[in-house]
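# Geometric and topological summary
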Amino acid sequence: MREHTRGSLLAVALALVLARDARAAQTCGALKALDATGNPSTQSAPPVIYVAGPSGIKALIAGLAPAMFLASSSPATVVYVQTTSCQGAATIFSGTPLAANTTASYWDPNSKTLASGTVTDKEETCTIAASTLTDIGTSDVFAQTCGFATQGIPPGMKDFQGPIQSMTFAVPKGSTETVINAQAAYLAFGLGVMAPWTDATHLFIHAPTSGTQLMMSIAIGVPPDRWLGVNPGGATGVFASLTAQVAQADLNKSIGIISATYSTLPDVQMLAYQHYGQTCAYKPDVQPGDNLNTRNGRYAIWGPMHLFTRVDASGLASNPLARNLLAYLTGIQAPPLGVN
């Protein structure tokens, strides 16, 4: 009986591994919808919209994607390739195809993927085929900040601006630090001499082409390629690094830069920020989720979400399905299924 039970458990474990591998092995352009058990069915998923850009924007789009999958009118599967902001812009302005065999994310309402294995709900993975172009390249910053469209957005392309995002400094939950000003941030990330943030291995930053780092560079005056610290892989990596700290000494000397999408989560602690010329420090929100201090200009580090795409003669996205996603994110059209 014992051997039979152990064999049954091994069989179940193997089945789960094979099911997970089957999901991961799907090609993004030929996805099968998941059945009620979370495994690929014989039914094709809705047509794909390819999007590339930073993790903060990915987190917002992930809230829309399952509803778009189920939409009664023009359903679509959003496939998201996580890049930096400038790499996202390059997929449109330079026409750079997505790298073949890249692992991308998509969202199926029947996904049973464990929350601990993903950052967003209902998130699955697929593999990008060769010569795949994005429909929308997203960025936290203007194309010009990335060196594109220096003479203006070229004909046949457009920058649709979505919700305002706030970029923040954050520390681990349990840190005794609650506030930072622009000069302190300059001394910490530029020179490494601002206590308690003097250990560069505990300064968690982004890539120089990251929109988060570019925006914060402009704010505090440290060039984006001169930041001290380690890049653990964008916002998700910074968030994971902050939450991984345990000892009180590590909690106090750790700090990272991250969008408010992540720093408002209870697992980390957002710092109030005092900009040059201000007499007080502020957080983006007064009440949770209201962004009042950002909207009235008190919180200084913010910018619109940029959604770059190729457009037709009428100025609409060349891919009709992409038009819906753009309309939802720019507030022109109400999202499906009552998604806020």
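Below, the structure is looked at part by part.

Cut-offs applied
Residues numbered from 1 in each chain as written. Predicted model: local features only at pLDDT ≥ 70, side-chain atom pairs only at ≥ 80, totals over all residues. Heavy atoms only, no water. Axes fitted to C-alpha atoms, helices over the stretch in contact; angles between N-to-C directions. Helix = DSSP H or I, 4+ residues; strand = E, 2+ residues; numbered from the N terminus. Parallel < 35°, antiparallel > 145°, perpendicular 65-115°, else oblique. Left-handed = near helix turned anticlockwise from the far one by under 90°. Contact = heavy atoms within 4.5 Å. Nonpolar A, V, L, I, M, F, W, Y, C, P; charged D, E, K, R; others polar. Expected span 1.5 Å × (residues − 1). Bend = angle between axes of the 7 residues up to and from the residue. Buried < 20%, exposed > 50% of the residue type's maximum accessible area, 1.4 Å probe, protein only.

### Description of the packing of helix H2 (residues 55-70) against helix H10 (residues 320-330)
H10 packs onto H2 with a crossing angle of 130° between their chain directions and a minimal axis gap of 11 Å. One finds that H2 runs oblique with respect to H10. Crossing hand, H2 versus H10: right-handed. Two secondary-structure elements touch here, H2 through Leu60, Ile61, Leu64 and Met68 and H10 through Leu325, Tyr328 and Leu329. Of the residues belonging to the contact of H2 with H10, the class tally is seven nonpolar, no polar and no charged.

### As for H2
When the terminal C-alpha atoms of H2 are compared, their 23 Å separation across 16 residues agrees well with the 22 Å that a helix rising 1.5 Å per residue should span. Along its length, H2 reaches its greatest deviation from straightness, about 35°, at Ala62, and the proline Pro66 lies no more than four positions downstream. Across the 16 residues of H2, 12 count as buried, placing the element largely inside the fold. Looking only at H2, the buried set comprises Ser55, Gly56, Ile57, Lys58, Ile61, Ala62, Leu64, Ala65, Pro66, Ala67, Met68 and Phe69.

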